[in-house]
Amino acid sequence: MIDEKLLIINDLKTAFSTSMGSVTVVDDVSLYIKKKETLALVGESGCGKSMTSLSIMQLLPVNGKIMNGEIIFNNHNLVELSDKEMSKVRGNDIAMIFQEPMTSLNPVLTIGDQITEGLLLHRKLSKKEAKDRAVALLKLVGFSRAVEVMKEYPHQLSGGMRQRVMIAMAMSVDPSLLIADEPTTALDVTIQAQILELMQELKEKFDTSILLITHDLGVVAEMADRVVVMYAGEVVEEADALSLFEDPSHPYTQGLIKSVPSLDVQQERLYSIPGTVPAPNEVTVGCRFAPRCAQAWERCSKEKPSLYQRKNGHQVRCFLYELGEGTNYNESGATHS
């Protein structure tokens, strides 16, 4: 059933060992993904989105470590699995499309070798069966000359073609969960639309759940069923996509949406949220967004807000919503009950 939860993350904390000590990059993050659902993980660069996905895949850098929490996938806690057990999950049940395909693909192996590798490892196919499956996958992701592409190397393909190859590799073993980390970055608008349409088609064809990591709210509006907004390693808002765009609650989410250019309003200068995301070692007490927030008051710099429940699963980490529906504010910044 669609309401069944495929992935559940509870209180995930990931930290890096540095010369300045342990630095937390993912701080008590909890989220879930239902079967056949697309969940968008949204935020500026440095908010912890990619580190959350690498924690799920157990692909953290050598100085990174999961300090606390659990990652439940198909009723198994991935944090407790051995490297050998995790290798059976990774690339088989969970696949990932990385942000830059040129650095993710092996430059000295042909496209055919790279796609068939996973099939030979996880599906135990013969070389001929793996090759036939790879050709079929390349055709599925839009290559008309799939047989020729099998013999080519990554540098011979365009950025959009390489991203299609990454999708073919990810979908080769029919994963239950596909993690796509900024899958359309550095692609032109036309190719972006084609890649997103392709991902949507593959999701429907294979009943795959998608964790879509992006800072592009246009992509979110196009693809997502639900949205989790992260800031400085924390979840600050969660809602279904329609609710988030119709009623963004956290000042950070409102700022992100306000930053998107509008075709209906002529602007001399695009809005941008003042300030920058704090580095993980700069995070102190209070609300992490307070230094950039026009709605902040004294309490925000001293206390950390909880995730407050609004309605229909809408959660927001802001004192303005402490009393249920609580207080809200209009664009002028005035608060009202």
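The structure this text deals with has already been given above.
Presented here is an overview of the structure given in this document. Fair warning: this is a prediction, and the values are worked out from it, not measured in the lab. (Residues numbered from 1 in each chain as written. Predicted model: local features only at pLDDT ≥ 70, side-chain atom pairs only at ≥ 80, totals over all residues. Heavy atoms only, no water.)

### As for the overall build of the protein chain
Thought 1: A tally of helices and strands in the protein chain yields eleven helices and 14 strands.
Thought 2: Taken along the three principal axes of its C-alpha coordinates, the protein chain extends 65 × 50 × 45 Å.
Thought 3: By the burial criterion, 47% of the 337 residues in the protein chain qualify as buried.
Thought 4: Across the protein chain, every contact between residues at least 6 apart in sequence was considered, and the portion connecting residues at least 24 apart equals 62%.
Thought 5: With an accessible surface of roughly 16900 Å², the protein chain has 51% of that area assigned to carbon and sulfur atoms.
Thought 6: If you average the places of the 34 positive and of the 44 negative side-chain charges in the protein chain, the two averages end up 6 Å apart. (Helix = DSSP H or I, 4+ residues; strand = E, 2+ residues; numbered from the N terminus. Buried < 20%, exposed > 50% of the residue type's maximum accessible area, 1.4 Å probe, protein only. Contact = heavy atoms within 4.5 Å. Areas by Shrake-Rupley, 256 points an atom, 1.4 Å probe, with all protein chains shown as cover. Lys, Arg positive; Asp, Glu negative; His and termini not counted. Charge placed at Lys NZ, Arg CZ, Asp CG, Glu CD.)

### As for a negative patch on the surface
Thought 1: Residues Asp11, Asp28, Glu70 and Glu80 make up a contiguous surface patch of negative charge.
Thought 2: Structurally, aspartate 28 can be placed in strand β2 (residues 21-34).
Thought 3: For aspartate 28, a relative accessible area of 33% gives the class partly exposed. (Patch = residues over 30% accessible without salt bridge, like charges linked within 9 Å, V, L, I, M, F, W, Y side chains within 5 Å. Salt bridge = Lys/Arg side-chain N within 4 Å of Asp/Glu carboxyl O.)

### Regarding the pattern of salt bridges
Thought 1: A complete count under the given rule lists 17 salt bridges for this structure.
Thought 2: For the salt bridge of glutamate 44 with arginine 292, the shortest nitrogen-to-oxygen distance reads 3.0 Å. Within this pair, whereas glutamate 44 is found in the loop between β3 (38-42) and α1 (49-57), its partner arginine 292 is found in the loop between α11 (251-258) and β11 (308-309), the two being separated by 248 residues in sequence.
Thought 3: The class of glutamate 44 is partly exposed, set by a relative accessible area of 23%.
Thought 4: Under the relative-accessibility criterion, arginine 292 is labelled buried at 7%.
Thought 5: A salt bridge links glutamate 238 to arginine 226; the nearest nitrogen and oxygen atoms lie 2.8 Å apart. Residue glutamate 238 is located in strand β10 (residues 234-240), and its partner arginine 226 is located in strand β9 (residues 226-231); the two are separated by twelve residues in the primary sequence. Judged on exposure class, the residue glutamate 238 and its partner arginine 226 are both buried.

### Some details on the environment of alanine 279
Thought 1: Mapped onto the fold, alanine 279 is located in the loop between α11 and β11.
Thought 2: In this structure alanine 279 comes out as partly exposed when scored by relative accessible area, which is 27%.
Thought 3: Alanine 279 sits 47 residues away from alanine 232 along the chain, and the two C-alpha atoms are 7.6 Å apart.

### Quick word on the nonpolar core
Thought 1: Among the nonpolar cores identified, the biggest contains 60 residues, and Ile56, Ile94, Leu177, Ile179, Leu211, Val227 and Tyr252 are the most heavily contacted of them.
Thought 2: Formed by 33 residues, the second largest nonpolar core is a distinct cluster that contains Leu138, Val141, Ala168 and Leu196. (Core = buried A, V, L, I, M, F, W, Y, C linked by side-chain atoms within 4.5 Å.)

### A short note on the sheet that holds strand β4 (residues 64-73)
Thought 1: Strand order in the open sheet made by the four strands is β2-β1-β4-β5, with antiparallel pairing throughout. Both edges of this open sheet fall to β2 and β5 (76-77), since each of them pairs with a single strand only.
Thought 2: Docked against the sheet, α1 engages β1 (5-18), β2 and β4, running at close to 110° with respect to β1. (Pairing = 2+ DSSP bridges. Axes fitted to C-alpha atoms, helices over the stretch in contact; angles between N-to-C directions.)

### Describing helix α5 (residues 127-140)
Thought 1: Along its 14 residues, α5 runs 20 Å from first to last C-alpha, staying within 8% of the 20 Å computed at 1.5 Å per residue.
Thought 2: Buried within α5 we find Ala130, Ala134, Val135, Leu137 and Leu138. Each buried residue of α5 lies within a common arc of 160° when the element is viewed along its axis, so the set occupies one face. Those residues of α5 that are exposed and aimed more than 90 degrees away from the buried face are Lys128 and Lys139.
Thought 3: Contacts made by the buried residues of α5 are with α4 (111-122), α6 (146-149) and α7 (159-171).
Thought 4: Glycine 142, located one to two residues past α5, shows a positive phi value of around 105°. (Expected span 1.5 Å × (residues − 1). Arc of directions from axis to C-beta.)

### Some points on the environment of valine 189
Thought 1: Mapped onto the elements of the fold, valine 189 is located in helix α8 (residues 189-206).
Thought 2: The exposure class assigned to valine 189 is exposed, which follows from its relative accessible area of 66%.
Thought 3: In sequence terms valine 189 and lysine 128 are 61 residues apart; their C-alpha atoms lie 37 Å from each other.

### Some points on the sheet that holds strand β8 (residues 209-214)
Thought 1: Strand order in the open sheet formed by eight strands is β6-β7-β8-β3-β9-β10-β12-β11, with mixed pairing between adjacent strands. Both edges of this open sheet fall to β6 (94-97) and β11, since each of them pairs with a single strand only.
Thought 2: Where β10 meets strand β12 (residues 315-316), two bridges bridge the pair, whose relative direction is antiparallel. When the sheet's bridge partners are listed, glutamate 237 is paired in β12 with valine 316.
Thought 3: Against the sheet, α11 contacts β3, β9 and β10, and its axis sits at roughly 105° relative to β9.

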